[in-house]
Amino acid sequence: MKPVTKFVFSAYLLIAALVLTSCSGLKGTTGSGSGSGSGSGSGSGSGSGSGSGATGPFNIGGSVIGLKGSGLVLEDNGSDSLAVSGTGTVAFKFSTTVASGNPYNVIVKTQPATPTQTCSVTAGTGTATANVTTIQVVCGPVFTIGGTVSGLLGKGLTLQDNAGDNLVVTGTGSVNFTFPTPLLGGATYAATILTQPNTPVQTCSVANGTGTVNGNVVNITIICSQPAFSIGGSVVGLITGTGDTMELQNNAGDDLFVTGDTTFTFATPVTNGGLYNVTVFLPPTSQPQKCWPWNWTGIANGNISNVIIDCQHNDWNWISWDTPETDTANNYAAVTTPLFTPTGRFAQNLGEPGGRDFAVTWTDNAGRKWLFGGLGYPAKLKLPPNVIPEHLMNDLWVWDSSLTTSNDGWLPANLPTYQNPVGDWVVDTAPLRAEDVNGFYGTLGAATGGDPGSRWGGSTWTDSAGNLWMFGGQGFDSTKSQNSALLNDIWEFVPGALDSHSNGDVAGTFTGQWIWQGGFSIGNQSGIYGTQGVAAAGCATGTTTGCVIPGGRWAAATVTDPTGNVWLFGGQGYDSAGKVGFLNDLWSYSPTTKQWTWMGPSASNVAGQNGSYGTLGTGSGTTAPGGRQHAVLWADAFGNIWLFGGFGFDSAGTGAPLGAILNDLWKYNTTSKQWTWMSGGGTTGLANQGGTYGTQTAPAATNVPGARWGTVGWVNPDGDLFLFGGWGYGASSNQGTGFLNDIWEYDHTVGQWIWWKGTSGVNQPGAYVSTAGVPFVNNVVGARRGAALWQPDSQGYTWVFGGEGYDSKGATAPGYLNDMWTYLPFP
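Conventions used here
Residues numbered from 1 in each chain as written. Predicted model: local features only at pLDDT ≥ 70, side-chain atom pairs only at ≥ 80, totals over all residues. Heavy atoms only, no water. Pairing = 2+ DSSP bridges. Helix = DSSP H or I, 4+ residues; strand = E, 2+ residues; numbered from the N terminus. Axes fitted to C-alpha atoms, helices over the stretch in contact; angles between N-to-C directions. Buried < 20%, exposed > 50% of the residue type's maximum accessible area, 1.4 Å probe, protein only. Disulfide = S-S within 2.5 Å. Core = buried A, V, L, I, M, F, W, Y, C linked by side-chain atoms within 4.5 Å. Contact = heavy atoms within 4.5 Å. Phe/Tyr/Trp six-rings, centres within 6.5 Å; stacked < 30°, edge-to-face > 60°. Lys NZ or Arg CZ within 6 Å of the ring centre and 35° of its normal.

Enquirer: Can you walk me through the sheet that holds strand β13 (residues 173-178) in this structure?
Expert: Backbone-to-backbone hydrogen bonds pair the strands of a sheet. The strands run either parallel or antiparallel. What the four strands build is an open sheet, ordered β13-β10-β18-β16; its pairing is mixed. Edge positions in the sheet fall to β13 and β16 (204-207), since each has one partner strand and no second. On average, adjacent strands in this sheet sit at an angle of 25 degrees to one another, irrespective of strand direction. Alignment of strand β10 (residues 145-152) against strand β18 (residues 217-224), held across five bridges, turns out to be parallel. When the sheet's bridge partners are listed, S150 is paired in β18 with I223.

Enquirer: What exactly am I supposed to notice about unusual backbone geometry here?
Expert: Glycine aside, the phi torsion of most residues is negative, and most peptide linkages are trans. Following G56, the chain continues to P57 via a peptide bond in cis, the omega torsion being 0 degrees. Note on placement: P57 falls in the loop between α1 (3-24) and β1 (60-67). Note that the residue after T199, namely P200, is joined by a cis bond; omega there is 0 degrees. The phi dihedral of H630 falls on the positive side, at around 50 degrees, and the residue is not glycine. Tracing the chain through its elements places H630 in the loop between β50 (628-629) and β51 (632-635). Looking at H630, the relative accessible area reads 14%, which means it is buried.

Enquirer: Mind showing me how you'd approach the state of the cysteines here?
Expert: By definition, a disulfide links two cysteine residues through a covalent bond between their sulfur atoms. What the rule picks out here adds up to four disulfides. The disulfide partner of C119 is C139, and the gap between their sulfur atoms is 1.9 Å. A torsion of 110 degrees about the S-S bond marks the disulfide between C119 and C139 as right-handed. Highlighted residues: C119 in strand β6 (residues 118-122) and C139 in strand β8 (residues 132-140), separated in sequence by 20 residues. Assessed through its relative accessible area of 5%, C119 is described here as buried. Numbered by order of appearance in the sequence, the disulfide-linked cysteines of the protein chain pair as 1-2, 3-4, 5-6, 7-8.

Enquirer: Can you walk me through the nonpolar core in this structure?
Expert: As a rule of thumb, nonpolar side chains are buried together in soluble globular proteins. With 22 residues, the main nonpolar core has I60, V64, L72, L74, V84, F92 and V137 as its most contacted residues. At the level of secondary structure, the elements contributing two or more residues to this core comprise β1, β2 (72-76), β3 (80-84), β4 (88-93), β5 (103-110) and β8. Once residues within four sequence positions are removed from consideration, I60 is found in contact with D76, K93, F94, V98, Y104, V106, A128, V132 and I135. Core analysis: the second largest hydrophobic core is formed by 20 residues, W461, F520, C547 and I549 among them.

Enquirer: Explain the packing of aromatic side chains to me, please; I cannot follow it from the model alone.
Expert: The geometry of an aromatic ring pair comes down to the distance between the two centres and the angle between the two planes. Taken as a whole, this structure holds 55 aromatic pairs when the rule is applied. Aromatic side chains F177 and F179 sit 5.8 Å apart centroid to centroid with 85 degrees between the ring planes, which places their arrangement in the edge-to-face category. The class for F177 is buried, based on a relative accessible area of 6%. According to the relative accessible area criterion, F179 is buried, its value standing at 3%. Among the aromatic residues, those joined into a cluster by ring pairs are W316, W318, W714, F722, F724, Y768, W821 and Y823. When the ring centre of W292 is taken as reference, the NZ or CZ atom of K290 above it lies at 4.0 Å. Directly above the aromatic system of W799 lies the positively charged group of K369, at a separation of 4.3 Å from the ring centroid.

Have a look at this one:
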């Protein structure tokens, strides 16, 4: 027989002996009190001892068995405490008696402490009808019950011992546990799972969960199965249609075919802690652009649903990500020197234009993108106190991605350079620090080293030879005046090849030449309109007879049609009488003949005209948009010129004489010579309208952009009209005006607007998420106006640079930006 069993058996023998002894004392009396029971043992009561007879009160007591020291405190009825100490079997009796018929309730108030034991009460409750001596308190050694949980991942697991004694277990991996209540030696234990883990969901099982206590139990094992997690995500920006199925793989297997813009989940889950690595195995053939995976790899500790297969359409791409600080505003222009080493190699990051507003742009026949002037930050220079750094500039930059091993391809163009003592060619950055520079015109039509003066808000186009043309804007003419003027000069820039300085030439970083091709070298000239619809040569300084030319103006809208002719509308400038105001004159210019044609309307040679809207969708000889500055002009493939928004006059002359913000859309038919009001302006052609955005990416007849100016636009290959940003109203005119970053398309075939991207509010900060020059659906271009834009390239990408607005630190005030982005619309 085991020692513990002997102990328990001996305790039971002792209890039996005590009971027999107590029974043998019942000889027909209940004690020495004055009770009436006597003789034959018929008196009432239980047990033996002195008392006050059958009517009580009665003593409450019994024996403590197995006690080894001190610290044990018993309690009866919640108030009568009794300290018991000793060794072995110790009798006890509470000092307070209990009246007949009243209850008693004996518990262990405090367990023994010297040494530590656990005692339990048997027969501790009842009703007092006689002296009570049979209560037993058994004390013995106690042991802990516990073990290990393996494979646990989180929360929710609750264990039980003997259908009680709950224990919550949390953690990850291997976790030790001990139930809070120890058990006496010889007792049994039964560990079970009350609740399974739920964060994440797991199934756990028990091993070695039952037994008899003969020491601390440490071998209970709770084994939790490892869950398997699904791997999935979504396809975005894919051209749907023939060939829009791609094959994805996870971990170089588990092939999955996905069609269209949709969500996907791989068939085979990944066990917790396992690697997932999603790739595009076979790309779609519905588009030439690559589909990039984002969030494609990691360790699966839960279901994965954020993998993005981004096929670029309706995405912004932060192109200038490797140029320092272009995600912040108010950066100065910078140039890396030396530009060229003696071996002809050039530096990798050749420079960056400073932040600026209303610069002008061109694209040459080699696909290079040119940027000139604007209001903003030149190369850094020391300024007197309290002098603002932003001024009008006349610096010329070119973006050519082929120049470097990275995507940062800015070069300062046509600047003086020199060779330093070690043989490196270094650019002279002094011209980049110049501000408010007067123009040097040279000889009209001759390449005599001329340079246009600093300006912003000019109009530009590219001719069939790839030469760059610029008209007007606000800036500095040939005089030495410190004040800017409204210009109507025409300049041509003939770009050359990159000068590698291999022949010792120090002419500049790019060969090329500005040529003054028309207009006046002195600003603030009135318009010379001639006869409506009749072409005539452009005027030059000192020559006004028999010529026509728009007056000096700022922020005219310009577009080149498919035949190569240039169209110019409005702006703020000089009319035929020398009055400055908002203009609504439409002009055509032929780069081939260098002739201007005033197209009308008949009264548009006078500034300050209100719009004549007529009936929506119906044109006539009298309908025409009002005078305005910084509208958007498009040319479609069907001989139509389109005009949207700007700042100027609606049908009622709202805000006159200062003007108001417009969102009207007009179409000019170049055959019928008629304007038709197509959209916007409410029901009567009024300004200051909020937008109706509808559902993003879905066309609707009620959709319309809010009123704005300083927006930029382009024509998609399918002939639809796109616009981006500006300054004006978002979805609610009650919200007030601010900078915008929304992208809209006008589907000219059905006459409906589509809101594609950006927010419906104002002053949205940028999110420069992708730092690898890769399009990403979560990139956000900050709200801005006056950005520089290049029309879609051969791959369909529209390029945008700078403007005034919000960078990545949206909590600060807006500033002048110099970030470069591309956007790829759906065709």
